[in-house]
Amino acid sequence: MPPRTAVPAIAVLVAALAVVLNAGDSDDAPARPAESRLSGPALAAPVLTVAPVVTTSRWRVVARVGGHPAAWLARRRGVTLMRFDQQLVHVALHAGSSDGGTAGWSYGDRVSAGEVHRLIAAVNGGFKLTYADVGFVSGGHVAVPLKPGLASVVTYTDGTTNIGAWGSGVPSGRESVFSVLQNQHLLVDRGVAAADVSTCVLRCWGGTIGLVDVVARSGLGITAGGRLVWAAGEQLSPAALAAALIDAGAVRAVELDINPWWVAGYIYVHHRGGPSPLPLVPGQRGIAGALLNPYARDFLTFVAN
Amino acid sequence: MFGSRLAILLACASVTVGALAPAGALAAGSSARPATKSERSAILKAYAASDGNTSAVRGVYVSRSNQALAVVCERTPEAGVYASVFARARGAWRYVTSGAPGRAGSSADRTLERACG
């Protein structure tokens, strides 16, 4: 697993915290330089997460770590967006009980005990691993071998994540890779949507129920400053998904899973008895157990450092 | 007197039949019947090919008036019941439409979707 500093048990949340947290609402403030992000101090403070009372087009803080804003939520033109500060939050790639199987994974088919008290959000992963143009590797365990050129969510052993085309942008030669999720080719590169985003929908960006272009879709991008941006909606074309990610500052992005059954995200509100999941995408069909119970498909968790 | 006894007997019989009948048959109503084993297998194959989640399927019904029209009923964790309509053409089942029961597709589709309850 990414060797991040362990955090003490989570603090109990109370409704009054929403006021404090929302006091930090802001538009996209300048992101920290990549250098300071990678060398930032390890934080040993409780995660404080609250449910967004109202989701608007402006970024609103939904989680703080050690008092610092760590995750933001917004909704723009039918797209739910969530942004994460990688100095405070890291990603864990989980195998599903079908996508990857149950044996041999550091991060398996449910949120682990080591994550649960620091869990901020969890979202669906990529296409089924039986499909073409996918790859999945984690902790030295290979479910589907990596292929050059595919869009890749690369998490290094220092806990940082980058997104790029495998072999031409990622991985970094300086860092050791912990996990990689590959799905199709880059949806966004250099801040521009892929050229075939409107002209090759079904073949290039995945088959859909009813062979329609507009369907539930999701994606994950990274900003120039290293923040991660997740986007999802129930009625999106690849072009609309790419546009939403670019509008949110993504310079590179990968399309994650599509179609109504497979697009879902949760934010977790923590209580004394454990986290309570709240659905992120209006109209999402949902995942039984909200990823706290075993799930067949791969998924991503966003966990406080 | 005889009439009231008959009514009681019929009521009891109705309750008994209701208790014994499969839940699917009750949900299907008069416009649809539960799919046979081979129909269900073929329809669910088409459903999975349409990227559906077969683990969420709670029933598969075929229209009584059109044996080439079927509906897959799903119970979702957060969005209630969904109905996905399939039609058979040249021996193969193909996706037609989906949505909340009674709200998607043609009049015939919507009637069939109500089998999902």
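Residues numbered from 1 in each chain as written. Chains lettered and ligands numbered in written order. Predicted model: local features only at pLDDT ≥ 70, side-chain atom pairs only at ≥ 80, totals over all residues.

Description of the confidence of the model for chain B
Moving on, step 1. The predicted model of chain B has a mean per-residue pLDDT of 81, with 75% of residues at 70 or higher.
Moving on, step 2. For this predicted complex, the interface confidence reaches an ipTM of 0.74, while the overall pTM sits at 0.82. (pLDDT = per-residue confidence, 0-100.)

Side note on the pairing of strand β16 (residues 228-236) of chain A
Looking along a regular strand, one sees side chains alternate from face to face of the sheet.
All names here are of chain A.
Moving on, step 1. By the criterion of burial, β16 is predominantly enclosed, with 7 of the 9 residues buried.
Moving on, step 2. Relative to β16, strand β4 (residues 79-84) runs antiparallel, the two sharing 5 bridges. Considered in β16, the bridge of Phe84 is made with Leu228.
Moving on, step 3. As defined by bridge partners, strand β15 (residues 215-223) adjoins β16 across 7 bridges and the pair is classed as antiparallel. Each residue of the ladder has a partner; that of Ser218, found in β16, is Ala232.
Moving on, step 4. Between the end of β15 and the start of β16, which pair antiparallel, lie 4 residues, with Gly226 showing a positive phi angle near 95°. (Buried ≥ 20, exposed ≤ 12 C-beta atoms within 10 Å, placed from the backbone. Helix = DSSP H or I, 4+ residues; strand = E, 2+ residues; numbered from the N terminus. Pairing = 2+ DSSP bridges.)

Some thoughts on the sheet that holds strand β3 (residues 69-76) of chain B
Sheet strands pair by backbone hydrogen bonding; their relative direction is either parallel or antiparallel.
Residues and elements named next belong to chain B.
Moving on, step 1. Taken in spatial order, the 5 strands make up an open sheet running β1-β2-β3-β4-β5, and their pairing is antiparallel. Edge strands, defined here as strands with exactly one partner in the open sheet, are β1 (32-34) and β5 (92-99). Direction aside, neighbouring strands of the sheet carry axes that sit 30° apart on average.
Moving on, step 2. In the sheet, β3 pairs with strand β4 (residues 80-89) via 8 bridges, with the strands oriented antiparallel. Paired with Val71 across the two strands is Val85, which belongs to β4. (Axes fitted to C-alpha atoms, helices over the stretch in contact; angles between N-to-C directions.)

With respect to the environment of Thr199 of chain A
Moving on, step 1. With respect to the secondary-structure elements, Thr199 of chain A resides in the loop between β14 (192-193) and α4 (201-205).
Moving on, step 2. With 39 residues separating them in the primary sequence, Thr199 of chain A and Pro238 of chain A have C-alpha atoms 10.0 Å apart.

Regarding unusual backbone geometry
In terms of backbone geometry, most residues other than glycine have negative phi values and most peptide bonds are trans.
Moving on, step 1. Note that the residue after Val170 of chain A, namely Pro171 of chain A, is joined by a cis bond; omega there is 0°.
Moving on, step 2. You can see Pro171 of chain A is positioned in the loop between β11 (169-170) and β12 (177-183).
Moving on, step 3. Unlike most non-glycine residues, Arg190 of chain A shows phi in positive territory, near 55°.
Moving on, step 4. Topologically, Arg190 of chain A is positioned in the loop between β13 (188-189) and β14.
Moving on, step 5. Even without being a glycine, Arg90 of chain B presents a positive backbone phi close to 50°.
Moving on, step 6. Mapping Arg90 of chain B onto the fold places it in the loop between β4 and β5.
Moving on, step 7. Owing to 5 C-beta atoms within 10 Å, Arg90 of chain B belongs among the exposed residues under this scheme.

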